[in-house]
Amino acid sequence: MAALGWLTPRRRSATARSVLAGEASAEAARKSTQEVLEREPAFPVPGDERAAAFFDLDNTVMQGAALFHFGRGLYKRNFFDTRELARFAWQQAWFRLAGVEDPEHMQEARDSALSIVQGHRVSELQSIGEEIYDEYMAERIWPGTRALAQAHLDAGQRVWLVTAAPVEIATVIARRLGLTGALGTVAESVDGVYTGKLVGEPLHGPAKAEAVRALALAEGLDLSRCAAYSDSHNDIPMLSLVGHPYAINPDSKLRKHARRMDWRLRDYRTGRKAAKVGIPAAAGVGAVAGGTAAAIALHRKRR
């Protein structure tokens, strides 16, 4: 037993040297915290009316892609068949697993969505969007990113979503989250009915930066005092436009760029693997698998 004595903690009374060590450690921690506070002034700045925040949506504010969740909701309402749903499910699963946007997949999803809504009234899709938000999107909002947006709102600043998702859906999400509004892809409509075409191109990559620039000019904002948040390297043009860029749940390319540029990073995904290589946690993958399983079950039931 004596040989194991080193395993047993020894009780020692605090000596003058241990007290000194404790006080020195506490003082060092206090000074370190003060230096950080002095180096990084409070942000967002309360009452700064020329500052605003711009948030990407997919994988930044919400887990997964809004367009795919919207597709699931439309399928439930018989807007298209099981084959189309399978394609939506595969694209969503790939997006969640890879953690990055594949241009080909996104283009296919947009083309599918446009063909599906063609001939439908804008007001109908807006109403359905409210229901789909409750069914598929509300529970997928990242609490950490939501808190960042709320901090800007609490400081009296305006907050916009900036996304390639249809502007009607983006507007629903922004309103439900209490945000100022949304910049999104605009689908052409005539007399309130969708034509199946876009106005211009999807709000993606450089187009997002142009939208933010135009809105800032119209609203009298100083972009050097604004913040932008995104998970994707495709949004580097938008992030580079503002004085306070943040990489949220970043893909590998954005993470490297953010570190090189000394941008702030936040990762709200769970699991060490997600933090290291930039893919969603198992819980997120499970949600996709569950959705796909539900679709298969529904298909079997109809057969």
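Residues numbered from 1 in each chain as written. Predicted model: local features only at pLDDT ≥ 70, side-chain atom pairs only at ≥ 80, totals over all residues. Heavy atoms only, no water.

1. A word on the nonpolar core
Rule in force here: Put simply, a nonpolar core is a bunch of buried Ala, Val, Leu, Ile, Met, Phe, Trp, Tyr and Cys residues held in one set by side-chain atoms that sit within 4.5 Å of each other. Relative accessibility under 20% of the residue-type maximum defines a buried residue, over 50% an exposed one, and the middle range a partly exposed one, all with a 1.4 Å probe and only protein chains included. Residues count as neighbours in contact if any of their non-hydrogen atoms are within 4.5 Å of one another.
Formed by 41 residues in total, the largest nonpolar core has its most connected members in Phe55, Leu57, Leu74, Met137, Leu161, Ile173 and Tyr229. Aside from chain neighbours lying at most four places away, what touches Leu74 is Phe79, Phe80, Ile116, Val117, Leu125, Ile128 and Ile132. One finds Leu203, Val212, Val242 and Trp263 within the second-largest nonpolar core, a separate group that totals 25 residues.

2. A few points about the packing of helix H2 (residues 66–76) against helix H5 (residues 122–137)
To keep things clear, this is the line we draw: Between N-to-C directions, angles span 0 to 180 degrees; the directions come from axes that are lines fitted to C-alpha atoms, helices contributing only their stretch in contact. Helix and strand definitions follow DSSP, with helices as H or I runs of at least four residues and strands as E runs of at least two, each counted in order from the N terminus. The labels follow the angle: roughly parallel below 35 degrees, roughly antiparallel above 145, roughly perpendicular from 65 to 115, and oblique for the rest. Each residue is assigned to one class: nonpolar for Ala, Val, Leu, Ile, Met, Phe, Trp, Tyr, Cys and Pro, charged for Asp, Glu, Lys and Arg, and polar for all the others, Gly among them.
The contact between H2 and H5 brings their axes to 9 Å, and the two run at 105°. In this view, H2 runs roughly perpendicular relative to H5, as classed from their interaxial angle. Side by side, H2 and H5 meet where Ala66, His69, Phe70, Arg72, Gly73, Leu74 and Lys76 of the first sit next to Leu125, Ile128, Gly129, Ile132, Glu135, Tyr136 and Met137 of the second. Partitioning the contact of H2 with H5 into residue classes produces eight nonpolar, three polar and three charged.

3. A short note on the pattern of salt bridges
So the rule is basically this: Salt bridges are defined as contacts in which a side-chain nitrogen from Lys or Arg sits within 4 Å of a carboxyl oxygen from Asp or Glu.
Following the criterion strictly, the structure yields 15 salt bridges and no others. For the salt bridge of Arg158 with Glu219, the shortest nitrogen-to-oxygen distance reads 2.7 Å. Of this pair, Arg158 sits in strand S2 (residues 158–166) while Glu219 is found in helix H8 (residues 206–219), placing the two residues 61 residues apart along the sequence. A relative accessible area of 24% means that Arg158 is categorised as partly exposed. One salt bridge connects Arg269 with Asp267, and the closest N-O pair in it is separated by 2.5 Å.

4. Here we look at the packing of aromatic side chains
We apply this condition: Stacked, edge-to-face and tilted are the three classes for Phe, Tyr and Trp ring pairs, Trp counted by its six-membered ring, which pair at centre distances within 6.5 Å; planes under 30 degrees apart are stacked, over 60 edge-to-face, the rest tilted.
Throughout the structure, instances matching the rule amount to three aromatic pairs. For the pair Phe55 and Tyr229, a centre-to-centre distance of 4.1 Å together with 5° between the ring planes defines the contact as stacked. Residue Phe55 is found in strand S1 (residues 52–55), and its partner Tyr229 is found in strand S6 (residues 227–230); the two are separated by 174 residues along the sequence. Of the two residues, Phe55 and Tyr229, both sit in the buried class. Note on Tyr229 and Tyr246: the rings are 4.6 Å apart at their centroids and 20° apart in plane angle, and the pair reads as stacked. Here Tyr229, found in strand S6, pairs with Tyr246, found in strand S7 (residues 244–248); they are 17 residues apart in sequence, far enough to count as distant.

5. As for the environment of Ala138
With respect to the helices, strands and loops of the structure, Ala138 is situated in the loop between H5 and helix H6 (143–154). Among the residues examined, Ala138 registers a relative accessible area of 33% and is labelled partly exposed. Distance from Ala138 to Arg176, taken between C-alpha atoms, is 8.7 Å for residues 38 residues apart in sequence.

6. Digging into the environment of Gly205
In this fold, Gly205 is placed in the loop between strand S5 (193–198) and H8. Relative accessible area serves as the criterion here: at 2%, Gly205 is assigned to the buried category. Between the C-alpha atom of Gly205 and that of Pro237, which follows or precedes it by 32 residues, the distance is 6.8 Å. When near neighbours in sequence (up to four residues on either side) are disregarded, Gly205 contacts Asn234 and Asp235.

7. Structural notes on the sheet that holds S1
Put simply, the rule is: Pairing between strands is defined by DSSP: at least two bridges between the two strands are required.
The strand order across the open sheet formed by six strands is S3-S2-S1-S6-S7-S8, and the pairing between neighbours is parallel. Only two strands of the sheet have a single neighbouring strand rather than two, namely strand S3 (181–185) and strand S8 (264–266). Shown here is a sheet whose adjacent strand axes are inclined to one another by a mean of 20°, direction ignored. Here S2 runs beside S3; their pairing, made up of four bridges, is parallel. When the sheet's bridge partners are listed, Leu161 is paired in S3 with Ala182. Those strands touched by helix H10 (residues 252–261) are S6, S7 and S8, and its axis lies near 145° from that of S8.

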